[in-house]
Amino acid sequence: MNSYHIIISTPDGNVFDGDAVSLIVRGTEGELAILAGHIPFITAVKIGDCRIELPDETDKSATIGGGILTVSQKQTTLLCSKFEWK
């Protein structure tokens, strides 16, 4: 699968800056799965779980605080109040 660039940042700084195959978070209307080539958009993100599938086919999981998800053609950025790796 194709990968794309993701930056995840909290008030304390970046917690992830790299390539991923998918990002799964809970938006205001339900779960979102962001893949390479997704249409650009911005949405609020709720407190909950976050899962990142890496290009080497491993998964990383975390718990996040509320925040904002921005998807553009260049990269995806998740700005959240809290981020803790599981």
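For the structure, see preceding data.
Residues numbered from 1 in each chain as written. Predicted model: local features only at pLDDT ≥ 70, side-chain atom pairs only at ≥ 80, totals over all residues. Heavy atoms only, no water.

### Considering a nonpolar patch on the surface
Item 1. Together, Ile42, Ile68 and Leu79 give the surface a local cluster of nonpolar side chains, amounting to about 290 Å² of exposed area.
Item 2. Tracing the backbone shows Leu79 in strand β9 (residues 76–80).
Item 3. Leu79 sits in the partly exposed class, given a relative accessible area of 45%. (Patch = residues over 30% accessible without salt bridge, like charges linked within 9 Å, V, L, I, M, F, W, Y side chains within 5 Å. Areas by Shrake-Rupley, 256 points an atom, 1.4 Å probe, with all protein chains shown as cover. Salt bridge = Lys/Arg side-chain N within 4 Å of Asp/Glu carboxyl O. Helix = DSSP H or I, 4+ residues; strand = E, 2+ residues; numbered from the N terminus. Buried < 20%, exposed > 50% of the residue type's maximum accessible area, 1.4 Å probe, protein only.)

### Observations concerning the packing of aromatic side chains
Item 1. All told, the structure shown has 2 aromatic pairs when counted by the stated rule.
Item 2. Here the aromatic rings of Phe16 and Trp85 are separated by 6.4 Å at their centres, their planes lie at 70°, and the arrangement is edge-to-face. One end of the pair, Phe16, is in strand β2 (residues 13–20); the other, Trp85, is in strand β10 (residues 83–85), with 69 residues separating them in the sequence.
Item 3. Overall, Trp85 belongs to the partly exposed group, its relative accessible area being 36%.
Item 4. Plain terms: the ring middles of Phe83 and Trp85 are 4.7 Å apart, the flat faces sit at 85° to each other, and that makes the pair edge-to-face.
Item 5. Through successive ring pairs, a cluster of aromatic residues spans Phe16, Phe83 and Trp85.
Item 6. Across from the ring centre of Trp85, 4.3 Å away, lies the NZ or CZ of Lys60, which sits over that ring. (Phe/Tyr/Trp six-rings, centres within 6.5 Å; stacked < 30°, edge-to-face > 60°. Lys NZ or Arg CZ within 6 Å of the ring centre and 35° of its normal.)

### Focus on the pattern of salt bridges
For side chains bearing opposite charge, pairing can occur when the charged atoms are close.
Item 1. Within the structure shown, the criterion is met by 3 salt bridges.
Item 2. Salt-bridge contacts for Lys86 lead to Asp49; the nearest nitrogen and oxygen are separated by 2.9 Å. Of the two residues, Lys86 is situated in the segment after β10 and Asp49 in strand β6 (residues 48–53); the sequence distance between them amounts to 37 residues.
Item 3. The exposure class of Lys86 is exposed, given its relative accessible area of 64%.
Item 4. Of the charged contacts in the structure, one is a salt bridge between Arg51 and Asp59, with a shortest N-O distance of 2.9 Å.

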